[in-house]
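Residue-level structural notes
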Amino acid sequence: MDELVALCKRRGFIYQSSDIYGGLQGVYDFGPLGVELKNNIKKAWWESMVYENDDIEGLDSSILTNPLVLKYSGHEDTFSDPMVDCKSCGLRFRSDQVPDMCKKDDLTEPRQFNLMFKTNVGPIDDGESFAYLRPETAQQIFTNFKNVLDSTSRALPFGIAQMGKAFRNEITPRNFIFRVREFEQMELEYFVKPGTDEDIHSSWVQKRLSWWNDQGVPMESIELYDVPSDELAHYSKKTIDIMYKFPHGLEELEGIANRTDFDLGSHSKKQDELNIKSKVIKNKDSNSKLAIQNDNGDWEIPYVIEPSAGVERGFLAILNEAYKIEDLDDGKTRVVLNLKPHLSPVKIAVIPLKKNNDDIVKLAKNIKNNLQKLGMGRVILENTGNIGKSYRKNDEIGTPICITVDFDSLENSDVTIRDRDTMKQIRIKIDELSNFCFDKIKS
Ligand code: ATP
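Residues numbered from 1 in each chain as written. Predicted model: local features only at pLDDT ≥ 70, side-chain atom pairs only at ≥ 80, totals over all residues.

Bringing the overall build of the protein chain into the picture now. Each helix and strand counted, the protein chain has 13 helices and 24 strands in total. Burial status across the protein chain gives 36% buried among its 443 residues. For the protein chain, the share of sequence-separated contacts (at least 6 apart) that also reach a separation of at least 24 residues comes to 62%. (Helix = DSSP H or I, 4+ residues; strand = E, 2+ residues; numbered from the N terminus. Buried ≥ 20, exposed ≤ 12 C-beta atoms within 10 Å, placed from the backbone. Contact = placed C-beta atoms within 7 Å.)

Dropping the structure here:
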């Protein structure tokens, strides 16, 4: 973990937030390379969910949430962790995360602590006019269920996908970006006919494992955890957690829950007409039935299967898998990030052999601009005049392709391509570059 944290800071992936004022615990900023990797992870998720499936729509709902949403979702009452205070060191911990150095006798009885952030809305701070910062993106998917259904004319099964910020006042944020107070989630709510839910739940577990594998997080680094009934969240009939071997230990990367009809049922009016199977809070405020009328005209609430992953935890797992220190033939070592090319923050580095040679630099700039237009992601001009140093830097940030422009390039219209993983160099014509790079990045 220490090596990853150091790499992230050195190369501009992740910085402590508000660093110049001593930081803010559990909050991080993503630097020039971090923002690219994060965006690429989210893009891969969005494409695999919304574009590659024919029955999933996207949504981008607000972060500020009407308190009623989180009242009826159950978060106001149940979204809390049991906390204990250590009388010896004076610190507060989640009761299942007390460090070994604190003795049992020094701990207070556990007390519930709600994890939601509140903020004042409007000009008057009277304690009544407030909104929550959403603790998960899911709830506004449920409150928009009818809107999406009506505007897209979908039939079951269909899903709504959303990515975005979520906020939790974690008492013990720790392990770098693993447990933070501000993070991003990638959540799908997949609405199905009751009775088909168990099979569809299992199939989403398999689909999500295959997606993580495509991002460079293989099955060997994963264990599935079938959450026992006494640990299930209040809305869940069954949850399978995808547990990843993080540098600090085996922990949850993504949860795939069968939320039954709890959420749509909870947010509906006239609940007694809807044949709701789960135990919901009586709703006196909703103006909508979040249900579907079946062929007999009866109202039915779909069940929901929810794969919910954290972007930061994905980022950490992907980085951890990609990070390698390799021994080279000359006795030296190199640090390399074997990122899947579609995730690499920089796709291609174009390196002029001589930084002061106008013709070489001009040709390199031209190549850079033309490749940039192909829409593969970020292409950089690396005009340091030091090829070895440029290769080392680009290995360390995971750039799959380096292109060197030299004197021969001016004569023969060709360039040297160096592959990040094999370090092999080949010579190819400039007009073949687009196809070559495209194939490599999309591989
Ligand atoms: P944990 O038990 O680790 O606190 P959770 O079960 O509360 O996690 P969920 O509510 O299922 O988490 O949220 C779905 C996903 O959101 C998690 O699998 C994780 O990837 C991510 N996530 C949740 N809390 C955090 C956090 N504090 N920091 C970073 N990511 C988080």
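Before going further, it helps to examine the nonpolar core. Grouped burial of nonpolar side chains is what soluble globular proteins tend to show. Residues Val350 and Ile403 are the most contacted members of the largest nonpolar core, which totals 86 residues. The dominant element in this core, judged by the number of residues it contributes, is helix H9 (residues 311-322), at seven residues. In terms of domain composition, this core takes at least three residues from each of domain 1 (2-70 + 136-319) and domain 2 (344-442). In this structure Ile403 touches Ile348, Val350, Ile351, Ile367, Val415 and Ile417, once residues within four positions along its chain are discounted. (Core = buried A, V, L, I, M, F, W, Y, C linked by C-beta atoms within 7 Å. Domains from an automatic or database assignment.)

What follows deals with the domain arrangement of the protein chain. One can read the domain layout of the protein chain as domain 1 (2-70 + 136-319) and domain 2 (344-442). Each of domain 1 and domain 2 was reduced to a C-alpha centroid, and the two centroids are 38 Å apart. Facing the five residues of domain 1 at the interface are five residues of domain 2. Counting residues per element, the side of domain 1 that touches domain 2 draws most heavily on helix H2 (residues 32-51), at four residues. Classifying every residue of the side of domain 1 that touches domain 2 gives two nonpolar, one polar and two charged. (Nonpolar A, V, L, I, M, F, W, Y, C, P; charged D, E, K, R; others polar.)

One can find Gln162 in strand S10 (residues 158-167). Of the residues examined, Gln162 has 23 C-beta atoms within 10 Å and is grouped as buried. Sequence separation of Gln162 and Gly127 is 35 residues, and the distance between their C-alpha atoms is 30 Å. Beyond its immediate stretch of four places on either side in the chain, Gln162 contacts Leu59, Asp60, Ser61, Thr137, Ile141 and Glu187.

Every one of the 16 residues lining the ligand counts as a neighbour, but Phe183, Gly255, Ser308, Gly310 and Arg313 are closest to it. Taken together, the elements giving at least two residues each to the shell around the ligand come down to strand S11 (182-192), strand S14 (249-260), strand S17 (303-310) and H9. Top contributing element to the shell around the ligand by residue count: S14, with four residues. Partitioned by chemical class, the residues of the shell around the ligand number four nonpolar, four polar and eight charged. (Near = placed C-beta within 6 Å.)

Of note, the amide linkage connecting Leu156 to Pro157 takes the cis form, showing an omega dihedral of -5°. One can find Pro157 in the loop between helix H6 (145-152) and S10. Located in the positive-phi region is Lys270, a residue other than glycine, with phi close to 45°. Relative to the assigned elements, Lys270 resides in the loop between helix H8 (262-266) and strand S15 (292-293).

What follows is about the environment of Ile14. With respect to the element layout, Ile14 can be found in strand S1 (residues 14-16). Judged by C-beta crowding, with 26 C-beta atoms within 10 Å, Ile14 ranks as buried. Linking Ile14 and Val35, residues 21 residues apart in sequence, is a C-alpha distance of 8.6 Å. Among all residues touching Ile14, those that are not within four sequence positions of it are Cys8, Lys9, Tyr28, Phe30, Gly31, Gly34 and Ile177.

Time to look at the sheet that holds strand S8 (residues 117-120). A sheet is described by the order of its strands in space; here three strands give the open sequence S4-S9-S8, paired in antiparallel fashion. Taken across any chain shown, the strands that pair with only one partner, and hence form the sheet edges, are strand S4 (64-65) and S8. In this sheet, strand S9 (residues 130-133) lies alongside S4 in antiparallel orientation, the contact comprising two bridges. Bridging from a neighbouring strand, Leu64 pairs with Leu133 of S9. (Pairing = 2+ DSSP bridges.)

Time to look at the sheet that holds strand S13 (residues 238-246). Pairing is mixed in the open sheet, where seven strands are placed in the order S3-S10-S11-S17-S14-S13-S12. The strands lining the two open edges of the sheet, one partner per strand, are strand S3 (56-59) and strand S12 (222-226). Averaged over all pairs of adjacent strands, the angle between their axes in this sheet comes to 25°, without regard to strand direction. Relative to S14, S13 runs antiparallel, the two sharing nine bridges. Pairing of Ile240 across the sheet is with Ile256, part of S14. Along the sheet face, H9 touches S11, S13, S14 and S17 and points at about 105° away from the line of S11. (Axes fitted to C-alpha atoms, helices over the stretch in contact; angles between N-to-C directions.)

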